[in-house]
Amino acid sequence: MAAERRNPPAVSALASDSLAFSLLLAARLIAAVRSGKSLTQALGTLGGESPAARAAAQDVTYGSLRRYGCGEFVLGRLLTRALPHPEVEALLLAALYRLHTRPDSAYMIVDQAVAAAGELAGGAFKGLVNGLLRNYQRQRHVLQVAMADDDEATQQHPRWWLARLRRAYPDRWPGIVAAGNGQPPMTLRVNQRRIEVADYLARLQAAGLCARSLGGQALVLDRPMPVDALPGFADGLVSVQDAGAQRAAELLAPVAGQRVLDACAAPGGKAAHLLEAADVDLLAVDIDAVRTRRVEDNLRRLGLTAKVTPADCCATEQWWDGQFFDAILADVPCSASGVVRRHPDIKYLRRESDIRGFVRIQAEILDRLWPLLKAGGKLLYATCSVFPEENRAQIDAFVFRQPDARRLIEEELVPQPEHDGFFYALLQKAA
Ligand SMILES: C[S@@+](CC[C@H](N)C(=O)[O-])C[C@H]1O[C@@H](n2cnc3c(N)ncnc32)[C@H](O)[C@@H]1O
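Just so it is clear, the structure is predicted and the values come from calculations on it, not from any experiment.

Brief notes about the overall build of the chain
Next up, step 1: Of regular secondary structure, the chain possesses 17 helices and 11 strands.
Next up, step 2: Over its C-alpha atoms the chain spans a radius of gyration of 23 Å, differing by no more than 12% from the 22 Å that the globule rule assigns to 431 residues.
Next up, step 3: With respect to the three principal axes, the spread of C-alpha positions in the chain is 75 × 45 × 40 Å.
Next up, step 4: Burial analysis of the chain (431 residues in total) assigns 42% to the buried set.
Next up, step 5: Expressed as a percentage of contacts within the chain between residues at least 6 apart in sequence, the contacts between residues at least 24 apart total 72%.

Some points on the UniProt feature "domain: SAM-dependent MTase RsmB/NOP-type" (unreviewed entry) in the chain
Next up, step 1: Per the UniProt record, the feature "domain: SAM-dependent MTase RsmB/NOP-type" (unreviewed entry) sits at residues 176–431.
Next up, step 2: Helix and strand shares over residues 176–431 are 29% and 25% respectively, and the end C-alpha atoms of the span are 39 Å apart.

Concerning the pairing of strand β2 (residues 211–215)
Next up, step 1: Sheet topology note: the β2/strand β3 (residues 218–221) ladder contains 4 bridges and is antiparallel. Its bridge partner being in β3, Ala211 is matched across the sheet by Leu221.
Next up, step 2: The turn linking β2 back onto β3 is made up of 2 residues, and Gly216 within it adopts a positive phi angle of 60 degrees.

Re unusual backbone geometry
Next up, step 1: Note that the residue after Ala266, namely Pro267, is joined by a cis bond; omega there is 5 degrees.
Next up, step 2: With respect to the element layout, Pro267 can be found in the loop between β5 (259–262) and α13 (269–277).
Next up, step 3: Unlike most non-glycine residues, Ala121 shows phi in positive territory, near 50 degrees.
Next up, step 4: Examined against the element boundaries, Ala121 turns out to sit in the loop between α6 (106–117) and α7 (126–147).

Considerations on the UniProt feature "binding site: S-adenosyl-L-methionine" (unreviewed entry) in the chain
Next up, step 1: UniProt tags Cys264, Ala265, Ala266, Pro267, Gly268, Gly269, Lys270, Asp286, Asp312 and Asp331 as "binding site: S-adenosyl-L-methionine" (unreviewed entry).
Next up, step 2: Here Pro267 is in contact with Arg291, Arg294, Val295 and Asn298, once residues within four sequence places are set aside.
Next up, step 3: Of note, Asp286 is situated in strand β6 (residues 281–286).
Next up, step 4: Asp286 gets classed as buried once you count the C-beta atoms within 10 Å, which come to 26.
Next up, step 5: Setting aside chain neighbours within four positions, we find Asp286 in contact with Cys264, Ala265, Ala266, Arg291, Thr292, Val295 and Pro310.

Overview of the sheet that holds strand β8 (residues 325–331)
Next up, step 1: A sheet is described by the order of its strands in space; here 7 strands give the open sequence β7-β6-β5-β8-β9-β11-β10, paired in mixed fashion. Since the sheet does not close on itself, it has two edges, and those belong to β7 (307–310) and β10 (405–413), each with one partner. Sheet twist, expressed as the mean angle between neighbouring strand axes with direction ignored, is 15 degrees.
Next up, step 2: Taken together, the 6 bridges between strand β9 (residues 373–383) and strand β11 (residues 422–429) define a ladder with antiparallel strand orientation.

Here's the deal with the nonpolar core
It is characteristic of soluble globular proteins that their nonpolar side chains tend to be buried jointly.
Next up, step 1: Counting residues in each nonpolar core, the largest one holds 65 residues, and the members touching the most others are Ala263, Ile328, Ala330, Leu380 and Tyr381.
Next up, step 2: Those residues in contact with Tyr381 that lie beyond four places of it in its chain are Ala330, Val332, Leu366, Ile395, Ala425 and Leu427.
Next up, step 3: One finds Phe21, Leu23, Tyr97 and Ala117 within the second-largest nonpolar core, a separate group that totals 47 residues.

Here we look at the domain arrangement of the chain
Next up, step 1: One can read the domain layout of the chain as domain 1 (19–155), domain 2 (185–241) and domain 3 (243–429).
Next up, step 2: A separation of 37 Å is found between the C-alpha centroids of domain 1 and domain 3.
Next up, step 3: With 9 residues of domain 1 at the contact, the number on the domain 3 side is 7 residues.
Next up, step 4: Counting residues per element, the ones that place at least two in the side of domain 1 that touches domain 3 are α1 (19–34) and α3 (51–66).
Next up, step 5: The residue inventory of the side of domain 1 that touches domain 3, partitioned by class, reads 5 nonpolar, 2 polar and 2 charged.

Focus: helix α4 (residues 70–78)
An α-helix turns once per 3.6 residues; consequently, residues spaced three or four apart project the same way.
Next up, step 1: The set of residues buried in α4 consists of Cys70, Gly71 and Val74. Seen along its axis, α4 keeps its buried residues to an arc of 95 degrees; they face one direction.
Next up, step 2: In this structure, the buried residues of α4 make contact with α3, α5 (86–101), α7 and α8 (151–155).

Describing the environment of Ile346
Next up, step 1: Take Ile346: it is sitting in helix α15 (residues 346–349).
Next up, step 2: Linking Ile346 and His157, residues 189 residues apart in sequence, is a C-alpha distance of 9.9 Å.
Next up, step 3: Not counting the four nearest positions on each side in its chain, Ile346 is found in contact with Ala336 and Val340.

Rules and cut-offs
- Residues numbered from 1 in each chain as written.
- Predicted model: local features only at pLDDT ≥ 70, side-chain atom pairs only at ≥ 80, totals over all residues.
- Helix = DSSP H or I, 4+ residues; strand = E, 2+ residues; numbered from the N terminus.
- Rg over C-alpha atoms; globule rule 2.2 N^0.38 Å.
- Buried ≥ 20, exposed ≤ 12 C-beta atoms within 10 Å, placed from the backbone.
- Contact = placed C-beta atoms within 7 Å.
- UniProt positions renumbered as here; feature names shortened; annotations may be inferred.
- Pairing = 2+ DSSP bridges.
- Axes fitted to C-alpha atoms, helices over the stretch in contact; angles between N-to-C directions.
- Core = buried A, V, L, I, M, F, W, Y, C linked by C-beta atoms within 7 Å.
- Domains from an automatic or database assignment.
- Nonpolar A, V, L, I, M, F, W, Y, C, P; charged D, E, K, R; others polar.
- Arc of directions from axis to C-beta.

Shown next, in the form of structure tokens:
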């Protein structure tokens with residue numbers, strides 16, 4: 001695969017610690033997402049900006065994307081014609097987001113947005129950016145009243161997504177939407193092979209960092225920080241993993257000596273947790289060869305070993321040695337609708353028609369893996385989706401197709417401030 005093109009370090013008249021520079025970088029990232037690129041891909045194309053400049057740009061980008069619908073609503077009202085320059089439109093979205101979060105600095109924000117516009121399209125849209133943002137300031141209250149009737153702008157999710165949530169969760173959908181629009185917490189998984197949770201908590205406190213236990217191996221920090229600032233991170237004392245994701249190893253509850261398959265393993269968070277929990281013989285498979293290297297890196301840092309194979313888990317004839325597994329984790333590809341606060345780009349990228357495709361591949365993965373499980377063995381099906389088609393309905397259909405499958409536990413974790421959204425179904429094969 002061709003390497004992703006990286007931009008050279010931004011050549012710009014703007015100071016790299018200025019808001020204008022952050023808005024300019026954010027505009028490039030937002031425009032890339034609006035054109036169909038994932039945020040991960042877009043971030044990979046940034047050049048040699050300083051970590052501080054990247055962090056500031058990411059802050060504006062994530063915030064703007066989380067406010068899905070709001071900026072578009074304002075542009076729809078204030079632009080008399082579509083702009084021929086996607087990065088200028090994205091710059092307006094970034095500036096509108098900043099105006100929303102820092103209304104007291106409006107004058108400076110407009111000024112900086114105009115400076116950023118000077119770096120795009122030869123500066124041809126400086127006047128338009130200035131005029132539109134000032135117009136927004138004047139009409140702000142009227143626009144907010146008008147916005148109250150627009151579902152996408154008030155709930156900050158695509159219309160089709162909201163309709164599905166309302167159908168599936170008639171009472172709980174507002175909480176799910178609110179969690180999806182919020183900032184995710186930074187949660188750690190303490191490596192139980194290396195240190196006790198209470199001892200790691202003490203190490204954090206000694207380093208002046210605040211955290212609290214969420215049960216099991218999970219500790220939530222009171223504010224996110226770079227992993228390098230975490231005591232013992234490089235030595236494998238902890239990993240970053242959402243508390244909901246940590247339920248996988250707890251539910252599968254591996255036992256020493258078992259042969260375990262993690263069929264969709266990359267980047268390896270759940271595989272590592274399984275290995276920290278018990279001395280199992282783990283085979284980690286993932287279709288994405290680049291991502292499987294991240295599994296290897298993660299296991300190396302944590303001092304864990306597994307066999308890691310890049311392969312399509314459905315093509316079992318290519319990688320299965322014919323020995324049955326005691327336990328299988330199928331953490332299948334899905335809409336990722338339960339982790340939208342961490343990946344707000346999916347509000348832009350996902351289409352309703354994608355769900356059918358995910359359901360099909362999930363069913364195929366289940367059908368292909370089930371024969372590899374020994375009688376009496378357990379398979380844990382996992383998604384980070386909140387859509388029932390990928391969750392309970394998928395498992396209902398599977399146990400209907402497989403009379404030797406028994407549902408032991410089903411857990412629906414809807415997204416909450418403390419954890420992302422996950423669905424788990426623990427299935428057992430008849431002995
Ligand atoms: C939800 S992620 C897995 C996260 C991982 N279990 C963890 O905890 O770090 C789903 C993964 O499935 C992989 N995948 C998708 N289709 C696959 C297939 N047919 N065979 C194997 N892996 C697949 C994707 O590459 C992706 O890494």
